[in-house]
Amino acid sequence: MSWDMFDRLVFMLAPNTIFLSPKKRQRHVKYQLAAFLISYGQRDSDVLDVASKLGLGLGTVHLYCRRITRALRELRGQNVGWLGNERKELVSQRIEARSGFPKCIGSGDGCQIRMSTAPEENPDEFLSRKKEHSVWSDSKLT
């Protein structure tokens, strides 16, 4: 992620009330976002790695990740949507020019999607390296 995008995301997330605590002053959104991005965006990173890199407690890393996840979910209605036909065609042409994949309008990179509850059958098969129940998504949009 570029610094410009990071700053833009901080600007978008900062007004969310989850980052305002009446009892205790929180670290700025940029620190919480950094913990989230290292935790979920760096290969082979776990909570202990993030905690040691940023000088945070393990519980604090989990808390920051939960806050950022919730704030991002609340932004999705404003920033996530389906492409119009003209935009689909433009994106498809650019992807084909760069990669050779025809009629493709996007792709996923193997994102981990955390489950809110454990599956009833074989829940241990869904445990991630972070000991959370989750599934992996790997997709190509055509």
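Residues numbered from 1 in each chain as written. Predicted model: local features only at pLDDT ≥ 70, side-chain atom pairs only at ≥ 80, totals over all residues. Heavy atoms only, no water.

Peer 1: Explain the layout of surface pockets to me, please; I cannot follow it from the model alone.
Peer 2: Over the atoms a probe the size of a water molecule is rolled, and this reveals where empty space is left. What the second largest pocket holds in volume is close to 210 Å³. For the second largest pocket, the full set of lining residues is Met1, Ser2, Trp3, Phe6, Lys30, Tyr31, Ala34, Leu37 and Ile38. Those elements that place two or more of their residues in the lining of the second largest pocket are helix H1 (3–13) and helix H2 (29–41). Sorting elements by how many residues they give to the lining of the second largest pocket places H2 first, with 5 residues. Each residue belonging to the lining of the second largest pocket can be placed in one class, and the counts come to 7 nonpolar, 1 polar and 1 charged. (1 Å grid on protein atoms, 1.4 Å probe; cavity = no way out; pocket = protein on both sides within 12 Å on 5 of 7 lines; lining within 4 Å. Points joined across faces, edges and corners; volume = space filled by probe spheres on them. Helix = DSSP H or I, 4+ residues; strand = E, 2+ residues; numbered from the N terminus. Nonpolar A, V, L, I, M, F, W, Y, C, P; charged D, E, K, R; others polar.)

Peer 1: I tried to follow the environment of Tyr64 on my own but got confused; where do I start?
Peer 2: Looking at where Tyr64 falls in the secondary structure, it is placed in helix H4 (residues 58–79). Tyr64 gets classed as buried once you look at its relative accessible area, which sits at 6%. Sequence separation between Tyr64 and Phe19 is 45 residues; the distance between their C-alpha atoms is 9.6 Å. Excluding residues within four positions of it along the chain, Tyr64 makes contact with Arg27, Tyr31, Gln32, Ala35 and Leu56. (Buried < 20%, exposed > 50% of the residue type's maximum accessible area, 1.4 Å probe, protein only. Contact = heavy atoms within 4.5 Å.)

Peer 1: Help me understand the pattern of salt bridges in this model?
Peer 2: Where charged atoms of side chains with opposite charge meet at close range, the side chains can pair. Tallied over the entire structure, the rule returns 2 salt bridges. Of the charged contacts in the structure, one is a salt bridge between Lys53 and Asp49, with a shortest N-O distance of 3.2 Å. Residue Lys53 and its partner Asp49 are both found in helix H3 (residues 47–54); the two are separated by 4 residues, about one turn of the helix. Of the residues examined, Lys53 reaches a relative accessible area of 43% and is grouped as partly exposed. (Salt bridge = Lys/Arg side-chain N within 4 Å of Asp/Glu carboxyl O.)

Peer 1: It is not clear to me how the packing of aromatic side chains should be interpreted in this structure. Could you clarify?
Peer 2: Ring pairs (aromatic) are described by centroid distance and by the angle formed between their planes. The full count for this structure, using the stated rule, is 2 aromatic pairs. Considering the side-chain rings of Trp3 and Phe6, the 5.8 Å spacing of their centres and the 80 degrees angle between planes classify their relative orientation as edge-to-face. Here the residue Trp3 and the residue Phe6 both occupy positions in helix H1, the gap between them amounting to 3 residues, near one helical turn. Trp3 sits in the exposed class, given a relative accessible area of 67%. Ring centres 5.0 Å apart and planes at 45 degrees place the aromatic pair Phe36 and Tyr40 in the tilted group. (Phe/Tyr/Trp six-rings, centres within 6.5 Å; stacked < 30°, edge-to-face > 60°.)

Peer 1: Would you mind going over H2 with me for this structure?
Peer 2: Since one α-helical turn is 3.6 residues long, residues separated by three or four positions face the same way. Helix length check: H2, at 13 residues, gives a terminal C-alpha distance of 17 Å against a target of 18 Å (1.5 Å per residue), a fit within 8%. Within H2, burial applies to Val29, Gln32, Leu33, Ala35, Phe36, Ile38 and Ser39. (Expected span 1.5 Å × (residues − 1).)

Peer 1: Honestly, the side chain of Gln26 in this entry has me stumped. Any pointers?
Peer 2: If you trace the backbone, Gln26 turns up in the loop between H1 and H2. Using a relative accessible area of 17% as the deciding quantity, one classes Gln26 as buried. Within polar-contact distance, the side chain of Gln26 engages the backbone oxygen of Ile18 at 3.1 Å. Of the polar contacts made by the side chain of Gln26, one reaches the side chain of Gln32; its length is 3.0 Å. For Gln26, the contacting residues outside a window of four places in its chain are Ile18, Phe19, Leu20, Ser21, Gln32 and Arg67. (Polar contact = N/O pair within 3.5 Å; in protein donor to acceptor, adjacent residues only side chain to side chain.)

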